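# Working through the structure, step by step
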Amino acid sequence: MRTTGARYGRTGRAAWRAYAATAAAVAATAAAGARAADADSTWYRALAKPSWQPPPAVFPWVWGPLYASLAYAGGRALSGTRGRARRELAGSLASNLVLNAAWSWTFFGLRSPRAGVVGTLLLDASNIELIRRTARTDRPAAACLLPYAAWCAFATALNAALARRNPPPGR
């Protein structure tokens, strides 16, 4: 069943609550991930990196707008849905945010590019599910998620390149 924002409206207190909730959840995700990420660590600096990896200073500049678009898309889509569709969309978004934050802990926290690859592949699958579910209720909101998914796919390729260039000790 397609549930559109026009049917339920995107104004009023309920809509603002949806935007505020998604903004808070995305901010918490960014903070949780940032706690583990340390591009200045000796371990990370010692990794063999591909020539096409952006410098560490680029990542905050990219993630800021991506997190903002994720919060906006989530708030927009959630404010236009009700009932089961809303619960499923909220669950999909929550799972995605957990996987997003978990990547920093698997890659940096465990100091494991291989574990990072697993984490980012799970995030990519979650992105596909989130976009698919969002598109059912709000196509413009789903379109807002495409740059986020594209950057995560780029991060998967980068993470895989790091895993290939940096085998675990003892191999």
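Here, every reference points to the structure presented above.
Residues numbered from 1 in each chain as written. Predicted model: local features only at pLDDT ≥ 70, side-chain atom pairs only at ≥ 80, totals over all residues. Heavy atoms only, no water.

For helix α5 (residues 83-109), which comprises 27 residues, the first-to-last C-alpha distance of 38 Å matches the rise-based estimate of 39 Å (1.5 Å per residue) to within 8%. Of all bends in α5, the biggest is about 25°, found at A102. All buried positions along α5 are accounted for by L89, S92, L93, N96, L97, N100, A101, S104, F107 and F108. Where α5 is buried, its residues meet α2 (13-36), α3 (42-46), α4 (58-79), α6 (113-137) and α8 (146-165). (Helix = DSSP H or I, 4+ residues; strand = E, 2+ residues; numbered from the N terminus. Expected span 1.5 Å × (residues − 1). Bend = angle between axes of the 7 residues up to and from the residue. Buried < 20%, exposed > 50% of the residue type's maximum accessible area, 1.4 Å probe, protein only. Contact = heavy atoms within 4.5 Å.)

When a protein is soluble and globular, its nonpolar side chains tend to lie buried together. The biggest cluster of nonpolar side chains holds 24 residues, and the ones touching the most others in it are V26, W63, L70, L93, L130, L145 and Y148. Looking at this core, the elements with two or more residues in it are α2, α4, α5, α6, α7 (139-144) and α8. Looking at this core, the element that brings in the most residues is α4, giving 8 residues. Residues in contact with L130, not counting those within four places in the same chain, are L70, L89, S92, L93, N96 and L145. (Core = buried A, V, L, I, M, F, W, Y, C linked by side-chain atoms within 4.5 Å.)

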